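# Structural overview
Okay, here's what each chain looks like letter by letter:
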Amino acid sequence: MKKIQMVDLKGQYEKIKDQITTSFDEVLSNTAFVNGPQVHAFQKELEEYLNVKHVIPCANGTDALQIAMMGLGLKPGDEVITVDFTFAATVEVVALLQLTPVLIDVDVETFNIDIEALKKAITPKTKAIVPVHLFGQVANMDAVMEVAKAHDLFVIEDNAQAIGADYTWADGTKQKAGTIGHVGATSFFPSKNLGCYGDGGAIFTNDDDLAYTIRGIVNHGMYERYHHDVVGVNSRLDALQAAVLRAKLPNLDAYNNSRKASAAKYTAALEGVDGVVTPVQYGDESSHVYHQYTLRITNGKRDGLVKFLGEHQIPCGVYYPIPLHSQKAYTDARYNEADFTVTNQLSKEVISLPMHTELDDEQITFITDKIKEFLNA
Ligand SMILES: *Cc1c(COP(=O)(O)O)cnc(C)c1O
């Protein structure tokens, strides 16, 4: 059996090696290392894939979130509602911009934003909602957009984990995750579903004015060379990263399908095992691209399982072990433990299994057999 890895970037690379080498050579020979034709071509190809009017490449997913918020003109003191159960980047940028983060609980089945908690958290100072499509599953955007519309709020989708997922509206039509809210942010960190070989990110929007504003912000607030109209940042995608992304984008659906197939095999093997709750899929199968395959271990044996799998050379992850409202940087006297019962529970129950495009059946069987061996003991 091949050594089991949490993410197998090498195996994936071997299959597209020639293409990557050719694109790298192209960048090296034209020496446009930042922005330039590769970045522009990638931008156009991603716009087409996502069916969105504007893709603005930037340096990483955290920048993408920050720039999206700057582009919307959010001001210090504005309240931004996001989830307690996510990677810290989501709330970090809110705090950095001196906006007021308002963390809320998530739904125990989907791990995504809890709509009742969202409604309760809205105040006259609320300006934006940041739903996170956690682990690759699109949040309930019908409800999020309805709440946003009713209260005149911006929606910034944190799509770092769900690129390529389709959201199915209540009326049956589909739309790509990240293109539904006013603006979407994604990351091309190597382990993401569409990852480059370093850092990268992008912002998506269908709003022409917002896209114009954001294109200036990513480039030091310049709309005309050496005229700085707003305070911007330096956040660019390298051409070498764009070259990798161009080689991988045509495979993104196949990559996501491969993840979904592995997820289905995990679920088939683990459903009904005592103490295990397999991931709940909300909506149809295109709405989850399994950035992570995350189980809940409900019998208190999660930490024991992590240790046992480690002893058998099976890597796994706990995303996320500490709720954001309990993190030193983000505690706030206004928070009440009773409002975070689900996140508190999930932080003790979740375990993410190896998930990537190169998992094979032998590995999946070995992993699920070991989980059963431990939990049935
Ligand atoms: C990865 C990730 C980010 C940040 O992306 P970087 O490219 O690492 O800056 C933001 N939000 C979520 C949910 C993520 O998973």
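Residues numbered from 1 in each chain as written. Predicted model: local features only at pLDDT ≥ 70, side-chain atom pairs only at ≥ 80, totals over all residues. Heavy atoms only, no water.

The protein is annotated in an unreviewed UniProt entry as Cell surface polysaccharide biosynthesis protein from Neptunitalea lumnitzerae. As recorded by UniProt, the Sequence similarities (unreviewed entry) comment attached to the protein reads in full: "Belongs to the DegT/DnrJ/EryC1 family." (UniProt positions renumbered as here; feature names shortened; annotations may be inferred.)

On to the sheet that holds strand S1 (residues 54-58). With respect to topology, seven strands assemble into an open sheet ordered S1-S9-S8-S5-S4-S2-S3, the strand pairing being mixed. The two strands at the open ends of the sheet, each matched to only one other strand, are S1 and strand S3 (100-104). With direction set aside, neighbouring strand axes in the sheet form an average angle of 25°. Across three bridges, the pairing between strand S5 (residues 154-158) and strand S8 (residues 183-187) is parallel. (Pairing = 2+ DSSP bridges. Helix = DSSP H or I, 4+ residues; strand = E, 2+ residues; numbered from the N terminus. Axes fitted to C-alpha atoms, helices over the stretch in contact; angles between N-to-C directions.)

To continue, consider the domain arrangement of the protein. Each domain of the protein was delimited in the assignment, giving domain 1 (9-105 + 113-250) and domain 2 (252-375). The gap between the C-alpha centroids of domain 1 and domain 2 is 24 Å. Taken residue by residue, the interface counts 44 residues in domain 1 and 35 residues in domain 2. In this assembly, domain 1 and domain 2 are joined by three salt bridges. The salt bridge involving Asp339 is made with Lys120; its shortest N-O contact spans 3.7 Å. Linking domain 1 with domain 2 are 26 residue pairs in polar contact (both at pLDDT 80 or more), by the criterion used here. Sorting the residues of the side of domain 1 that touches domain 2 by element identifies helix H1 (9-30), strand S2 (79-83), helix H4 (89-96), S3, strand S6 (166-168) and strand S7 (174-176) as the ones contributing at least two each. (Domains from an automatic or database assignment. Contact = heavy atoms within 4.5 Å. Salt bridge = Lys/Arg side-chain N within 4 Å of Asp/Glu carboxyl O. Polar contact = N/O pair within 3.5 Å; in protein donor to acceptor, adjacent residues only side chain to side chain.)

Turning our attention to H1. Taking 1.5 Å of rise per residue, the 22 residues of H1 would be expected to cover 32 Å, yet its terminal C-alpha atoms sit only 27 Å apart, more than 12% below that figure. If you look at H1, its biggest bend is around 70°, right at Ile16. Of the residues making up H1, those classed as buried are Gly11, Gln12, Ile16, Ile20, Ser23 and Val27. The N-cap residue of H1 is Asp8: its side-chain oxygen and the backbone nitrogen of Lys10 are 3.4 Å apart. Positive backbone phi, approximately 55°, marks Thr31, located one or two places after H1. (Expected span 1.5 Å × (residues − 1). Bend = angle between axes of the 7 residues up to and from the residue. Buried < 20%, exposed > 50% of the residue type's maximum accessible area, 1.4 Å probe, protein only.)

With that out of the way, let us pick up the sheet that holds strand S13 (residues 293-297). The strand order S12-S13-S14 describes an open sheet built from three strands, whose pairing is antiparallel. Across the chains shown, the open sheet's two edge strands, defined by having one partner strand only, are strand S12 (276-277) and strand S14 (350-353). Here S13 runs beside S14; their pairing, made up of four bridges, is antiparallel. Its bridge partner lying in S14, Arg296 is registered against Val350. Here helix H10 (residues 302-311) sits on the sheet and contacts S13 and S14; the angle it forms with S14, its principal contact strand, is near 25°.

A word on the site of the ligand. Residues in close proximity to the ligand total 13 residues, the closest being Gly61, Thr62, Gln161, Ser187 and Lys192. In the model, an oxygen atom of the ligand is placed 2.8 Å from a nitrogen or oxygen of the Gly61 main chain. In the environment of the ligand, an oxygen atom lies 2.6 Å from a nitrogen or oxygen atom belonging to the side chain of Ser187. Compared with its free state, where it exposes 380 Å², the ligand has 91% of that area covered by protein. (Near = heavy atom within 4 Å. Areas by Shrake-Rupley, 256 points an atom, 1.4 Å probe, with all protein chains shown as cover.)

The next thing to look at is unusual backbone geometry. In the segment running from Tyr319 into Tyr320, the intervening peptide bond is cis, with an omega of 10°. Relative to the assigned elements, Tyr320 resides in the loop between H10 and helix H11 (341-349). The backbone phi angle of Gln98 is positive, close to 60°, even though this residue is not glycine. As for its position among the elements, Gln98 is in the loop between H4 and S3. Gln98 gets classed as exposed once you look at its relative accessible area, which sits at 58%. One non-glycine residue, Phe135, lies in positive phi territory at about 65°.

For Asn344, the location among the structural elements is in helix H11. Apart from the residues within four sequence positions on either side, Asn344 is in contact with Pro323, His325 and Glu337.

Summed over the entire model, instances satisfying the criterion amount to 17 salt bridges. One salt bridge in this structure joins Lys127 and Asp78, with 3.5 Å as the shortest N-O distance. With a gap of 49 residues between them, Lys127 in strand S4 (residues 126-130) and Asp78 in the loop between helix H3 (61-71) and S2 connect regions that are remote in the sequence. For Lys127, a relative accessible area of 34% puts it in the partly exposed group.

Right, let's get into the nonpolar core. Grouped together as the largest cluster of nonpolar side chains are 38 residues, with contacts concentrated most on Phe85, Ile113, Leu118, Ile129 and Met141. Taken together, the elements giving at least two residues each to this core come down to S2, S3, helix H5 (115-121), helix H6 (141-151) and H11. No other element matches the six residues that H6 contributes to this core. When residues of this core are assigned to domains, at least three fall in each of domain 1 (9-105 + 113-250) and domain 2 (252-375). Setting aside anything within four residues of it in sequence, one finds Ile113 in contact with Val83, Ile104, Asp105, Val106, Asp107, Leu118, Ile129, Pro131, Ala139 and Val144. (Core = buried A, V, L, I, M, F, W, Y, C linked by side-chain atoms within 4.5 Å.)

Attention now goes to the environment of Asp158. Structurally, the position occupied by Asp158 is in strand S5. Once the C-alpha coordinates of Asp158 and Thr82 are considered, the two residues, 76 residues apart in sequence, prove to be 9.7 Å apart. For Asp158, the side chain forms a polar contact with the side chain of Thr90, separated by 3.0 Å.

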